[in-house]
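Examining the three-dimensional arrangement
Listed below, chain by chain, are the residues.
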Amino acid sequence: MTAVITVAPTGPIASRADNPTLPVTPEEIADAVAEAHDLGAAVAHLHLRGPDERPTTDPDIIRRAMDLIAERCDILIQLSTGVGLGVPLSERARLVELRPEMATLNVCSMTFGRAEFSNPLPDVERLAGRMLELGVKPELEIYDTGHLDVCLRLRDAGLLADPLQFSVVLGVPGGMAATPENLLLMASRIPSDANWQVIAIGKANLQLTAMGLALGGNARAGLEDALHISKGVLADGNAPLVRRAVQLAEGLGRPAAGPAQAREILALPAVV
Ligand code: KMH
Ligand code: ZN
């Protein structure tokens, strides 16, 4: 069985002060994504930054990054509708109008570190419905067991289409802790016909990424989730993190799926 590797080159929080190799401009992000593609990543999970380096929903900046990536490779583009903490969901939801092949859907409000991540259910339902209309595949970000149940209710209400695609996020203060026990629990509760990957934030990134792959899940790698390659050593860009995830998967007998194969696994239309 192949493994779908997602690269998450830049998240909503860390800055170049935290890791000077963080890609920030559309050009830098496109370079990082193209390199990750060549190393085996099939999906690119994107947050964009404005000129002030803060998370942005500016459609021109996002479109520019999408175009630059599409010129370079056929990697599947997944826009984050999480964007950045403090950006209202009404504004974040507009990103799906750019019609990426995939976009994240965060289904519950929660404490996120010291901030509030606001995802009111009526707005989530509206966004899920709009994604269904546009054919944008949701990456369902679940940070706790109840978030999974909300997703299953959205599916029962006809707002999500099978096969569901989950990111089990572990290690956000306010969500489930990054422990093997929590991953086992989540993996046991995800419907068997769904696809899933682990997003392990921080120190446990390597251990839980390996465990997710061993359990049959997919994997995500990049500076959004881990700024270090090993204890006290900053990653020199996204490439070493992606290379390591691809090697982990291969070591477990799971070669990295290419973008075309990933589209099949996720039941997305082929790109011609
Ligand atoms: N950094 C993730 C844990 C999303 O992209 O939709 C949270 C996030 C969600 O940024
Ligand atoms: Zn993200």
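Once a new chain begins, its residue numbering starts again from 1 and follows that chain's sequence as written. For naming, the first written chain is A and the first written ligand is 1, with later ones following in the order written. Local features are withheld for residues below a pLDDT of 70 in this predicted model, meaning they are given only at 70 or higher, and side-chain atom pairs are given and counted only at 80 or more; totals for whole chains, interfaces and linings count all residues. The basis for every side-chain value is the complete set of non-hydrogen atoms in the structure, without hydrogens or water.

**Description of the site of ligand 1**
- Near residues are defined by distance, with any heavy atom within 4 Å of the molecule or strand qualifying the residue. Inspection of the region around ligand 1 gives 13 residues, with His 47, Ser 80, Thr 104, Asn 106 and Glu 224 positioned closest.
- Distance and chemistry together define a polar contact, namely a pair of N or O atoms within 3.5 Å, with one atom able to donate a hydrogen and the other to accept it when in protein, and with adjacent residues in sequence counting only for side-chain atoms on both sides. The contact in question runs from an oxygen atom of ligand 1 to an N or O atom on the side chain of His 47, over 3.1 Å.
- Here an oxygen atom of ligand 1 sits 3.3 Å away from a polar atom, N or O, in the main chain of Gly 82.
- Burial of ligand 1 by the protein chains amounts to 96% of its free accessible area of 300 Å².
- Residues belonging to the shell around ligand 1 are distributed by class as follows: five nonpolar, six polar and two charged. Only the protein chains shown count as cover for residues, with accessible areas throughout obtained via the Shrake-Rupley method and a probe of 1.4 Å. Under the scheme applied, nonpolar residues are Ala, Val, Leu, Ile, Met, Phe, Trp, Tyr, Cys and Pro; charged residues are Asp, Glu, Lys and Arg; polar residues are all the others, including Gly.

**Thoughts on the coordination of the zinc ion (ligand 2)**
- Distances from the zinc ion (ligand 2) to its protein donors, namely His 45 (NE2), His 47 (NE2) and Glu 224 (OE), fall within the range 2.1 Å.
- Donor atoms: N, O and S within 2.8 Å of the metal, or within 3.2 Å for Na, K and Ca. Because water is excluded, sites can look incomplete. Sequence spacing of the donor residues for the zinc ion (ligand 2), all on one chain, is H-x1-H-x176-E. Taken together, the residues His 45 in strand S2 (residues 43-46) and Glu 224 in the loop between strand S10 (218-221) and strand S11 (228-230) connect sequence positions 179 residues apart. Note on accessibility: His 45 and Glu 224 belong to one class, buried. Starting at the N terminus, helices and strands are each numbered in turn, a helix being any DSSP run of H or I of at least four residues and a strand any DSSP run of E of at least two. Burial status follows relative accessibility: with a 1.4 Å probe on protein chains alone, a residue under 20% of its type maximum counts as buried, one over 50% as exposed, and anything between as partly exposed.

**Remarks on the packing of aromatic side chains**
- Two rings from Phe, Tyr or Trp (for Trp, the six-membered ring) form a pair when their centres are within 6.5 Å of each other. A pair whose planes differ by under 30 degrees is stacked, one over 60 is edge-to-face, and the rest are tilted. Here the structure, examined in full by the defined rule, presents three aromatic pairs.
- Ring centres 5.5 Å apart and planes at 80 degrees place the aromatic pair Phe 112 and Phe 117 in the edge-to-face group.
- With a relative accessible area of 4%, Phe 117 lands in the buried category.
- Ring centres of Phe 117 and Tyr 143 lie 6.5 Å apart, and the angle between their planes is 85 degrees; this geometry places the pair in the edge-to-face category. One end of the pair, Phe 117, is in strand S6 (residues 115-117); the other, Tyr 143, is in the loop between strand S7 (137-142) and helix H5 (145-156), and 26 residues separate them in sequence. One exposure class covers both Phe 117 and Tyr 143, and it is buried.
- Site record: aromatic cluster; members linked through ring pairs are Phe 112, Phe 117 and Tyr 143.

**Some thoughts on the packing of helix H1 (residues 26-39) against helix H8 (residues 239-251)**
- Running from N to C, H1 and H8 point in directions that differ by 20 degrees, and their axes come no closer than 9 Å. In terms of orientation, H1 and H8 fall into the roughly parallel class. Once H1 is placed against H8, the crossing between them reads as right-handed. Contact with H1, carried on its side by Glu 35, Ala 36 and Leu 39, involves Ala 239, Val 242, Arg 243 and Val 246 of H8 and no other residues of that element.
- Residue classes in the contact of H1 with H8 are distributed as five nonpolar, no polar and two charged. Axis geometry follows a simple rule: fit a line to the C-alpha atoms, using only the stretch in contact for helices, then measure angles between N-to-C directions, giving values from 0 to 180 degrees. Angle categories are assigned with fixed cut-offs, so that under 35 degrees is roughly parallel, over 145 is roughly antiparallel, 65 to 115 is roughly perpendicular, and the rest are oblique. In a left-handed crossing the near helix is turned counterclockwise from the far helix by less than a right angle, and in a right-handed crossing that turn is clockwise. When checking whether two residues touch, look at their non-hydrogen atoms; a contact exists if any pair is within 4.5 Å.

**Points about the sheet that holds S7**
- Taking strand neighbours around the barrel as the criterion, the eight strands line up as S1-S2-S3-S4-S7-S8-S9-S10 in a closed arrangement whose pairing is parallel. Averaged over all neighbouring strand pairs, the angle between strand axes comes to 30 degrees, with direction disregarded.
- Lying on the sheet, helix H4 (residues 121-134) is in contact with strand S4 (102-106) and S7; it crosses S4 at an angle near 160 degrees. Here a strand pair is declared whenever DSSP counts at least two bridges between the two strands.

**Considerations on the nonpolar core**
- If you look at the biggest cluster of nonpolar residues, it comprises 37 residues, and the most contacted ones within it are Leu 46, Ile 69, Ile 75 and Leu 79.
- Contributing elements (two or more residues each) for this core: strand S1 (5-7), H1, S2, helix H2 (59-72), strand S3 (76-79), S10 and H8.
- At six residues, H2 tops the list of elements feeding residues into this core.
- Beyond its immediate chain neighbours, meaning those up to four positions away, Ile 69 contacts Ala 30, Val 33, Leu 46, Ile 75 and Ile 77.
- Among the buried residues, those of types Ala, Val, Leu, Ile, Met, Phe, Trp, Tyr and Cys that are joined through side-chain atoms within 4.5 Å form a nonpolar core. Core analysis: the next-biggest nonpolar cluster, separate from the first, contains 36 residues, Ala 103, Val 107, Leu 152 and Leu 170 among them.

**Brief notes about H4**
- An ideal rise of 1.5 Å per residue puts 20 Å on 14 residues; H4 measures up with 20 Å between its terminal C-alpha atoms.
- Residues Val 124, Leu 127, Ala 128, Gly 129, Met 131 and Leu 134 constitute the buried set of H4.
- On the buried face of H4, the contacting elements are helix H3 (89-92), S4, S7 and H5.
- Directly beyond the C-terminal end of H4, a positive phi value near 75 degrees is found at Gly 135. The span you would expect from a helix comes to 1.5 Å times its residue count less one.

**Observations regarding the packing of H1 against H2**
- The contact between H1 and H2 brings their axes to 9 Å, and the two run at 35 degrees. Between H1 and H2 lies a crossing of right-handed hand. Where H1 approaches H2, its residues Pro 26, Glu 27, Ala 30, Asp 31, Val 33 and Ala 34 are matched on the opposing element by Ile 61, Arg 64, Ala 65, Leu 68, Ile 69 and Arg 72.
- Taken together, the residues that form the contact of H1 with H2 break down as eight nonpolar, no polar and four charged.

**Description of the side chain of Glu 141**
- Topologically, Glu 141 is positioned in strand S7.
- Neither His nor the chain ends contribute to the count of charged residues, in which Lys and Arg are positive and Asp and Glu negative. For salt bridges, the criterion is a side-chain nitrogen of Lys or Arg within 4 Å of an Asp or Glu carboxyl oxygen. Buried charged residue Glu 141 carries no salt bridge. Nearest counter-charge: Arg 220, at 4.3 Å.
- Leave out the neighbours within four places in its chain, and Glu 141 touches His 45, Thr 104, Leu 105, Asn 106, Val 107, Ser 167, Val 169, Ile 199 and Arg 220.

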